[in-house]
Amino acid sequence: MLRTHTCGELTISNINQEVTLCGWVQKNRKLGGMLFVDLRDRYGITQLVFNSELNAELCQTAEHFGREWVIQAKGVVAERYNKNKNIPTGDIEIFVNEVAVLNKSEIPPFTIEDESDGGDELRMKYRYLDLRRNPVKNNIIFRHQLGIEVRNYMNSIGFLEIETPFLIKSTPEGARDFIVPSRMNQGEFYALPQSPQTFKQLLMISGYDRYFQIVRCFRDEDLRADRQPEFTQIDCEMSFVEQNDILQTFEGLVKHIFRKVKDIEIEEIPRMTFEEAMRLYGCDKPDIRFDMQFVELNEQLKHRDFSVFNNAELVVGIVAKGCAQYTRKQLDALTDFVKRPQVGAGGLVYLLCQEEGTFKSSVDKFYDQNDLKSVAAKCGAEAGDLILIMSGEKDKVRKQLCELRLEMGKQLGLRKAGVYKPLWVVDFPLLEWDEETQRYYAKHHPFTSPKPEQIPLLDTDPGAVNANAYDLVINGSEIGGGSIRIYNKELQQKMFSVLGFSAEEAQHQFGFLMNAFQYGCPPHGGIAFGFDRMCSILCDSESIRDFIAFPKNNSGRDTMLDAPSTVAETQLKELGIKN
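Bear in mind that the values here come from a model prediction, so they are computed numbers and not experimental data. (Residues numbered from 1 in each chain as written. Predicted model: local features only at pLDDT ≥ 70, side-chain atom pairs only at ≥ 80, totals over all residues. Heavy atoms only, no water.)

Engineer: Is there a simple way to think about the sheet that holds strand β22 (residues 524-530) in this case?
Structural biologist: Pairing between the strands of a sheet is mediated by backbone hydrogen bonds and can be parallel or antiparallel. With mixed pairing, the 8 strands of this open sheet are ordered in space as β6-β9-β10-β22-β21-β20-β17-β11. In this open sheet, the two strands that pair with only one neighbour each are β6 (160-161) and β11 (271-273). Contacts from helix α7 (residues 274-281) reach β11 and β17 (422-426) within the one sheet, and its direction differs from that of β11 by about 85°. (Pairing = 2+ DSSP bridges. Helix = DSSP H or I, 4+ residues; strand = E, 2+ residues; numbered from the N terminus. Contact = heavy atoms within 4.5 Å. Axes fitted to C-alpha atoms, helices over the stretch in contact; angles between N-to-C directions.)

Here's what the structure looks like:
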């Protein structure tokens, strides 16, 4: 070994020991006849001391060290006079008696420090340098620790980690596939898996009743902060279970993760139906760190001569506690917020519950004090509160008010970092209707089981059928989702028919699974958690890129490798893509 210790482990107990360290030069500074060099590796920083009076030549050598030079230093551990309480090695320093330059470095394009002067694109291009910075390094270490705890827990309850293929068959449902041409079977293509869904179901048929895998998945879709073309998920499946068994099992995993990696004890995770979530929060992934639930106000507000409300399918409001002191400027800013194209509302009505027991609103000319009092009573508002009201088509206005609720939670400091409120959302619709294509699509995927008592509705009213499906939500972000699966051929054929597949198309795409159902398929279900997203939520980060060693940018490009890129014509000819 070129070193006896790392740069993060020496303490006062190592005084007078002779040690050898290796690492990168963080910075050097000269004070009189003394030269101090901060040496860094992934474990920490240790201060090296060069004394010109004892060894002028050695000190002169060290003066020429540039940032990020790789050096080896031998010396004796001494107690530090000016201790640095901000680092674990701050009580000691190394008096160097021998040094070797292992490799020089060009001047880095940005500073390798916690607060770097490099922008996102520059740091992405030189990601191998960005990975040296503590914030990024700590994220990568956290990801590793989370993976270890997931494996420890899953192993402790009898799950087997089994790898599934990366070169599979393309399927028409879900997001777009990444396609891989086959050289040996020209004109035919593999696809990279969006998930190991069918394989884990086949493993259940094979008798491996508890499967999991921390697996890379691929989706060719538009990107944003919490999406990457390649991502990692904790993929799980169990046999001989019902929905409650799945929720209890993986609630245990969530509690274990919080306990081990965050030192937080999570109480029993509440459950909410999809219908409740939409009615009370306007979305299927509500942030329940704060209340501010929706209150429907049709009865209270659709009886006067105010056409905006009278013509609306739904009038709905939220209460912002203690915000009646908002100024006209602040209220106008909220109106501007909901009118943004990203929200898409036509306007906003407000009602101030004043301390003297009276009410002031932006629609005073249409509603008297008794009307406004009834609104406040329905909302449970008190003196000093602000009621914000929106109206319109039911589904649209709920989404719009959801955005306003989250904005108010942010403004009022209610979406607190370090506070975690997991929630199970259950009983999703089985299907979604698409107006453009005039057909149903699976809300989750085509292998999701409908509620048994609603199966007859597949023939008469498919849109009314609920699924045995569930999502885990933490602080307004979907962390995982899954379902109880269809496990008999007849029901699976029925599901494909509802989705518009002909019998021939279903057999061509999924014949292998349909055939496997005939050989004793057990009842089964599972769930998959977004591993990258779980890392970002647990560390209160907005982007999963912070927890991926070599991520792509928002255009799906790797600016470090300059990928994707063109390939030689000879390769294309070998693949049969070009003549």
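And the narrative resumes.
Engineer: Can you walk me through the sheet that holds strand β12 (residues 295-296) in this structure?
Structural biologist: The sheet built from 5 strands is open, its strands ordered β12-β13-β16-β14-β15 with antiparallel pairing. Looking at the sheet topology across the chains shown, the edges are occupied by β12 and β15 (359-361). Where strand β14 (residues 349-353) and β15 come together, 3 bridges link them in antiparallel fashion. By the bridge assignment for β15, Cys 353 is matched with Phe 359.

Engineer: Explanation requested: a nonpolar patch on the surface in the structure shown.
Structural biologist: A cluster of nonpolar side chains, namely Phe 166, Leu 167 and Tyr 190, defines an oily patch on the protein surface of about 260 Å² accessible area. As for its placement among the helices and strands, Phe 166 is situated in the loop between β6 and β7 (179-181). Classification of Phe 166 as partly exposed rests on a relative accessible area of 39%. (Patch = residues over 30% accessible without salt bridge, like charges linked within 9 Å, V, L, I, M, F, W, Y side chains within 5 Å. Areas by Shrake-Rupley, 256 points an atom, 1.4 Å probe, with all protein chains shown as cover. Salt bridge = Lys/Arg side-chain N within 4 Å of Asp/Glu carboxyl O. Buried < 20%, exposed > 50% of the residue type's maximum accessible area, 1.4 Å probe, protein only.)

Engineer: Hey, could you run me through the pattern of salt bridges in this one?
Structural biologist: Where charged atoms from two side chains of opposite charge approach closely, those side chains can pair. As enumerated under the stated definition, the model contains 35 salt bridges in all. Here Arg 67 ties to Glu 113 by a salt bridge, and the two come within 3.4 Å at their closest N and O atoms. Placement of Arg 67 in the loop between α1 (56-63) and β4 (70-79) and of Glu 113 in the loop between β5 (92-103) and α2 (120-125) is noted, with a sequence separation of 46 residues between them. Taking the relative accessible area as the measure of exposure, Arg 67 reaches 36% and is therefore partly exposed. Residue Lys 451 is joined to Asp 427 by a salt bridge in which the shortest nitrogen-to-oxygen separation is 2.8 Å. You can see Lys 451 sitting in the loop between β19 (439-442) and α13 (457-460) and its partner Asp 427 sitting in the loop between β17 and β18 (431-434), a full 24 residues away along the chain. In the salt-bridge network here, residues are joined through shared partners; they are Asp 120, Arg 123, Arg 127, Asp 130 and Arg 133.

Engineer: Explain α7 here, please?
Structural biologist: Residues spaced three or four apart along an α-helix face the same direction, because each turn holds 3.6 residues. Listed as buried for α7 are Phe 274, Ala 277, Met 278, Leu 280 and Tyr 281. The first or second residue beyond α7 is Gly 282, which carries a positive phi of 80°.

Engineer: Can you help me understand the packing of helix α5 (residues 197-205) against helix α15 (residues 503-516) in this one?
Structural biologist: Two packed helices can be described by the angle between their axes and the distance between those axes. Taken N-terminus to C-terminus, the directions of α5 and α15 make an angle of 20°; their axes are 10 Å apart at the nearest point. Relative to α15, α5 is oriented roughly parallel. The handedness of the crossing between α5 and α15 comes out as left-handed. The residues of α15 that touch α5, namely those facing Thr 198, Gln 201, Leu 202 and Ile 205, are Phe 512, Leu 513 and Ala 516. (Parallel < 35°, antiparallel > 145°, perpendicular 65-115°, else oblique. Left-handed = near helix turned anticlockwise from the far one by under 90°.)

Engineer: What is the right way to read α1 from this model?
Structural biologist: Those residues of α1 lying buried are Leu 58, Cys 59 and Ala 62. Seen end-on, α1 carries its buried residues on one side only, within an arc spanning 100°. (Arc of directions from axis to C-beta.)

Engineer: How do you make sense of the pairing of strand β2 (residues 34-41) when you look at a structure like this?
Structural biologist: A regular strand places its side chains so that they alternate between the two faces of the sheet. Most of β2 sits inside the fold, with 7 of its 8 residues counted as buried. Both strand β1 (residues 18-31) and β2 contribute to a ladder of 7 bridges, which runs antiparallel. Residue Lys 27 lies in a different strand from β2, and its bridge partner there is Asp 38. Taking the residues that link successive antiparallel strands as the turn, the β1-β2 hairpin has 2 residues, and the phi of Gly 32 there is positive, at about 65°. As paired strands, β2 and strand β3 (residues 44-51) are joined by 8 bridges and run antiparallel to one another. The partner of Phe 36 across the bridge, within β3, is Val 49. Remark: 2 residues form the turn of the hairpin made by β2 and β3, two consecutive strands paired antiparallel.

Engineer: Explain the packing of helix α4 (residues 134-156) against helix α6 (residues 243-262) to me, please; I cannot follow it from the model alone.
Structural biologist: The interhelical angle for the contact between α4 and α6, taken along N-to-C directions, is 140°, at an axis separation of 10 Å. Considering the angle they form, α4 stands oblique to α6. Taken as a pair, α4 and α6 cross one another with a handedness that is right-handed. Note on element contacts: α6 touches α4 through Thr 249, Phe 250, Gly 252, Leu 253, His 256, Ile 257, Lys 260, Val 261 and Lys 262, opposite Phe 142, Gln 145, Leu 146, Glu 149, Val 150, Tyr 153 and Met 154.

Engineer: Explain the environment of Val 567 to me, please; I cannot follow it from the model alone.
Structural biologist: Among the secondary structure elements, Val 567 is positioned in the loop between α16 (531-538) and α17 (569-574). We classify Val 567 as partly exposed; its relative accessible area is 45%. The spacing of Val 567 and Gly 252 is 315 residues in sequence and 48 Å in space, taken between C-alpha atoms.

Engineer: Teacher, can you tell me more about the side chain of Gln 72 here?
Structural biologist: Among the structural elements, Gln 72 can be located in strand β4. Of note is the side chain of Gln 72, whose polar atom sits 2.8 Å from the backbone oxygen of Leu 2. Beyond its immediate chain neighbours, meaning those up to four positions away, Gln 72 contacts Leu 2, Thr 20, Leu 21, Cys 22, Glu 98, Val 99, Ala 100 and Leu 102. (Polar contact = N/O pair within 3.5 Å; in protein donor to acceptor, adjacent residues only side chain to side chain.)

Engineer: Would you mind going over unusual backbone geometry with me for this structure?
Structural biologist: A negative phi holds for most residues other than glycine; trans holds for most peptide bonds. Here the amide bond leading from Ala 563 into Pro 564 is cis, since omega sits at 5°, within 30 degrees of zero. When you line up the elements, Pro 564 lands in the loop between α16 and α17. Despite not being glycine, Asp 263 shows a phi value in the positive range, around 55°. With respect to the element layout, Asp 263 can be found in the loop between α6 and β11. Despite not being glycine, Asn 475 shows a phi value in the positive range, around 55°. Inspection of the secondary structure assignment puts Asn 475 in the loop between β20 (469-474) and β21 (477-484).

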